[in-house]
Amino acid sequence: ILNVEQSPQSLHVQEGDSTNFTCSFPSSNFYALHWYRWETAKSPEALFVMTLNGDEKKKGRISATLNTKEGYSYLYIKGSQPEDSATYLCASPDSSASKIIFGSGTRLSIRP
Amino acid sequence: EADIYQTPRYLVIGTGKKITLECSQTMGHDKMYWYQQDPGMELHLIHYSYGVNSTEKGDLSSESTVSRIRTEHFPLTLESARPSHTSQYLCASRRQDTDTQYFGPGTRLTVL
């Protein structure tokens, strides 16, 4: 089974600071890498889908990079705001592309 | 905004009862998924479907069953609920071209 790992498990950041966290995945048979944001009492929402080595995606203050050769993706948040508090999940389809395997998430808390 | 719905949102039920958690989507997606998530834990895939009349068990053993008679509908049934079934259940459908999953709001189930 594909193993998708995220670190750190949780992160506390001062409002206004920038932060980043990591998703690692097996680099063989890579298909795609997804990032989701999951706010408390809501359902996960897609942030990015990344497929190509060297991909960089951006959505406002949030951006992500992808390195398929070494099997990792970084998510960056610039100038953290309280509304960024959420669990950030990464996911990758397994080799058959039938199932999407989720990491355990990074729980981000922004201190005002 | 994703058009995927789950009912009920919250359910408290006694041991031994039969329950069905409803999930429906209006996006015409073929692939649909059920995940189970305990507080602070990762998402675990319990069932998925490639399309009508297709159902597969996920990675986490589950005593539930699913059916897929119509594209838009993917209900999950517990024949005899037990306290160990207490959890949050999330339904998702997957868009073919981007592989993005769209999640429903979830059903929080408590079995007494």
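Everything numeric in this text was worked out from a predicted model, so none of it was measured.

(A) Region of the structure containing the overall build of chain A. Secondary structure assignment for chain A yields zero helices and 11 strands. Element order for chain A, N to C, with α for helix and β for strand: β-β-β-β-β-β-β-β-β-β-β. Against the globule reference of 13 Å for 112 residues, chain A gives a C-alpha radius of gyration of 14 Å, in line with a compact fold. When its C-alpha atoms are laid out on the principal axes, chain A stretches across 45 × 30 × 20 Å. Out of the 112 residues belonging to chain A, those deemed buried represent 50%. Residue pairs in contact within chain A that sit at least 24 positions apart in sequence constitute 52% of those at least 6 positions apart. Positive and negative side-chain charges of chain A, numbering 11 and 11 respectively, have mean locations separated by a distance of 2 Å.

(B) Inspection of the pairing of strand S2 (residues 10–14) of chain A at higher detail. Residue and element names in this part refer to chain A. Covered by surrounding structure in S2 are Leu-11 and Val-13 only, the residues Ser-10, His-12 and Gln-14 on the alternate face being uncovered. Here S2 runs beside strand S11 (residues 106–111); their pairing, made up of five bridges, is parallel. Residue pairing for S11: Ser-10 is matched across the bridge by Arg-107.

(C) Local environment of the interface of chain B and chain A. The interface is formed by 21 residues belonging to chain B together with 20 residues belonging to chain A. Regarding the contact of chain B and chain A, the summed buried area is about 1,600 Å², with carbon and sulfur atoms giving 57% of it. Remark: the boundary between chain B and chain A carries zero salt bridges. Among the secondary structure elements, those contributing two or more residues to the side of chain B that touches chain A are strand S4 (31–37), strand S5 (44–49), strand S9 (87–94) and strand S10 (101–103) of chain B. When residues in the side of chain B that touches chain A are grouped by element, the largest group, four residues, is from S4(B). Looking at the side of chain B that touches chain A residue by residue, the classes come out as nine nonpolar, seven polar and five charged.

(D) The arrangement of the state of the cysteines in detail. One pass over the full model with this rule turns up two disulfides over all chains. At a sulfur-sulfur separation of 2.0 Å, the disulfide partner of Cys23(A) is Cys90(A). Sign of the S-S torsion, about 80° for the bond between Cys23(A) and Cys90(A), identifies this disulfide as right-handed. Here Cys23(A) is found in strand S3 (residues 19–24), whereas its partner Cys90(A) is found in strand S9 (residues 86–93), with 67 residues between them in sequence. Note that Cys23(B) is cross-linked by a disulfide to Cys91(B), the S-S spacing being 1.9 Å. Judged by the sign of its S-S torsion, about -75°, the bond between Cys23(B) and Cys91(B) is left-handed. In this pair, Cys23(B) sits in strand S3 (residues 19–25) while Cys91(B) sits in strand S9, placing the two residues 68 residues apart along the sequence. You can call Cys23(B) buried: its relative accessible area is 0%. The exposure class of Cys91(B) is buried, given its relative accessible area of 0%.

Rules used throughout
Residues numbered from 1 in each chain as written. Chains lettered and ligands numbered in written order. Predicted model: local features only at pLDDT ≥ 70, side-chain atom pairs only at ≥ 80, totals over all residues. Heavy atoms only, no water. Helix = DSSP H or I, 4+ residues; strand = E, 2+ residues; numbered from the N terminus. Rg over C-alpha atoms; globule rule 2.2 N^0.38 Å. Buried < 20%, exposed > 50% of the residue type's maximum accessible area, 1.4 Å probe, protein only. Contact = heavy atoms within 4.5 Å. Lys, Arg positive; Asp, Glu negative; His and termini not counted. Charge placed at Lys NZ, Arg CZ, Asp CG, Glu CD. Pairing = 2+ DSSP bridges. Buried area = accessible area lost by both parts, 1.4 Å probe. Salt bridge = Lys/Arg side-chain N within 4 Å of Asp/Glu carboxyl O. Nonpolar A, V, L, I, M, F, W, Y, C, P; charged D, E, K, R; others polar. Disulfide = S-S within 2.5 Å.

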